[in-house]
Number of protein chains: 2
Amino acid sequence: MVQSEIPNIIISRLPVYLRALRHMQGQGKQTTNSQELGEQVGVSAAQIRKDVSQFGEFGKQGTGYDIAFLVKKLSEILHIDRVWDLAVIGMGDMGHAIARYQGFADRGFRVAMLFDADPAKIGTRLGSFVIRDAAEMIPAIKQAGIQIAMLCVPASTAQAVTNQLVQAGVKAILNYSPINLSVPDGVRVQYLDPSVGLQRMTYYL
Amino acid sequence: MVQSEIPNIIISRLPVYLRALRHMQGQGKQTTNSQELGEQVGVSAAQIRKDVSQFGEFGKQGTGYDIAFLVKKLSEILHIDRVWDLAVIGMGDMGHAIARYQGFADRGFRVAMLFDADPAKIGTRLGSFVIRDAAEMIPAIKQAGIQIAMLCVPASTAQAVTNQLVQAGVKAILNYSPINLSVPDGVRVQYLDPSVGLQRMTYYL
């Protein structure tokens, strides 16, 4: 199986399936099927079956999916059967919220470093971290081999900081700034854009 | 055209197209095509054409899409050719960040009310707002006719607050808490889940 053959749109749905499956696990369920999972995530049963079958034969006709097995397989596919270190850039409200976010545990991620350019913030503690000087960002991220950054800086500096992150070897950026970022091939950006989330609902209002 | 016939998955892509189109507008572009737009958003050109054609004939063979026209049409389809008031619940780090977020302007939304249950926060100012008592949330939201809430409370209280929002007449919830919410039919939830955004990228690392 060549990874690049799987369309991006399919990959983008897998984490949503995974979250729903883990929610079912939390409720004590052991099996599910494409119909039930589809209703949870707003995707057709046929689409779920098609998406999942890209990676192998994970379900059984009639009995559906073993939830624990599918969780394990999806975690392997998404490469979160390990823990990835995150660098958080920009310690304003959003950066603080991310640094304290309780939702990373068991989902493949761990906050490892915090950076800010403000002398008043550099060197101060936040939980178990000391906020580091953004001027040291490139060597620090390089040395730690961190590949994932959460960008929480103002829109005005987001592109400049992104360029530095790329220089530091970062390959994946979760962007909280309300602007589109330009990155070279091989670097990915995901946008956590509240307006997009809201616009997905106003259609129905 | 019956709205409910358009699959949810298509609706969910439209805000992403819209953001990319507005980005192109910001760069001074006047026309685009399904190929170029698809590359920007990671969707095939055929899918873009199919999605957009659900709503009418917006492009021309050979010349593609007029960006301003498509922006206008998508905004109408998504019902953001007006401004929606938002209630923000929970004034921790995330609530603060949302209340000050600069990305809502011109995208169809305006923060209108802030609530918290903490007596130390109630009555304090944040920008042009006074943080209101969460105990007044149901009548205040009802009276203002607000249909959209941003949920920024801890996971432990998220479901209880959601139940109150539903009682208050809220129909759309953007959830920042790292848990799945149960809501009755007719109420929609979107999850702004950083782990999902990150997992969409780790596949490629």
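Visitor: Please clarify how unusual backbone geometry should be interpreted in this entry.
Guide: Phi is mostly negative for residues that are not glycine, and the peptide bonds are mostly trans. All names here are of chain A. Even without being glycine, His79 reaches a positive phi, approximately 65°. Within the element layout of this structure, His79 appears in the loop between α4 (67–77) and β4 (84–89). For His79, a count of 15 C-beta atoms within 10 Å translates into the label partly exposed. With a phi angle near 70°, Asp106 is a residue other than glycine that sits in the positive phi range.

Visitor: I'm lost on the environment of A:Ala149 in this one. Help?
Guide: All names here are of chain A. Counting through the fold element by element, Ala149 comes out in strand β9 (residues 148–151). Each C-alpha atom of the pair Ala149 and Val52 lies 28 Å from the other, and the pair is 97 residues apart in sequence. Sequence-distant contacts of Ala149, defined by excluding residues within four places in its chain, comprise Ala87, Ile89, Leu165, Val170 and Ile173.

Visitor: In this structure, what is going on with the relation of the copies chain B and chain A? I would like to understand it.
Guide: Two copies of one chain are present, and they are related through a rotation about an axis combined with an axial shift. With an RMSD of 0.0 Å, the operation that places chain B on chain A is a rotation of 180° combined with a shift of 0.0 Å along the axis. The two molecules are tied by a two-fold rotation axis, judged by turn and shift. Closest approach to the rotation axis within chain B is made by the C-alpha atom of B:Asp93, at a distance of 2.5 Å. Most of the interface of chain B is mirrored in chain A, where 100% of its interface residues again form contacts.

Visitor: Which parts of the structure should I look at to understand the sheet that holds β9(A)?
Guide: By definition, the strands of a sheet pair up through backbone hydrogen bonds, in either a parallel or an antiparallel sense. All names here are of chain A. Read from one edge to the other, the open sheet built from 6 strands follows the order β8-β5-β4-β9-β10-β11, with strand pairing classed as parallel. Edge positions in the open sheet fall to β8 (132–133) and β11 (188–191), since each of these has one partner strand only. Relative to β8, strand β5 (residues 109–116) runs parallel, the two sharing 2 bridges. Pairing of Phe115 across the sheet is with Arg132, part of β8. Packing against the sheet, helix α6 (residues 137–144) makes contact with β4, β5 and β8, and its axis sits at approximately 160° to β5. The sheet contacts of helix α7 (residues 155–167) involve β4, β9 and β10 (172–175), and relative to β9 the element is tilted by about 170°.

Visitor: Can you walk me through the domain arrangement of chain A in this structure?
Guide: One frequently used descriptor of interface size is the decrease in accessible area upon assembly of the parts. Annotation of chain A at the domain level lists domain 1 (3–77) and domain 2 (84–195). Its C-alpha centre places domain 1 of chain A at a distance of 30 Å from the equivalent point of domain 2 of chain A.

Visitor: For this particular structure, what's the right way to read the interface of chain B and chain A?
Guide: Taken together, the contact pairs 52 residues of chain B with 52 residues of chain A. Those elements giving two or more residues to the side of chain B that touches chain A turn out to be α1 (8–26), α5 (93–99), β10 (172–175), β11 (188–191) and α8 (194–202) of chain B. With 9 residues, the single largest contributor to the side of chain B that touches chain A is α8(B). Of the residues that constitute the side of chain B that touches chain A, the class distribution is 28 nonpolar, 16 polar and 8 charged.

Conventions and cut-offs
Residues numbered from 1 in each chain as written. Chains lettered and ligands numbered in written order. Predicted model: local features only at pLDDT ≥ 70, side-chain atom pairs only at ≥ 80, totals over all residues. Helix = DSSP H or I, 4+ residues; strand = E, 2+ residues; numbered from the N terminus. Buried ≥ 20, exposed ≤ 12 C-beta atoms within 10 Å, placed from the backbone. Contact = placed C-beta atoms within 7 Å. Least-squares fit on C-alpha atoms with pLDDT ≥ 70 in both. Pairing = 2+ DSSP bridges. Axes fitted to C-alpha atoms, helices over the stretch in contact; angles between N-to-C directions. Domains from an automatic or database assignment. Nonpolar A, V, L, I, M, F, W, Y, C, P; charged D, E, K, R; others polar.

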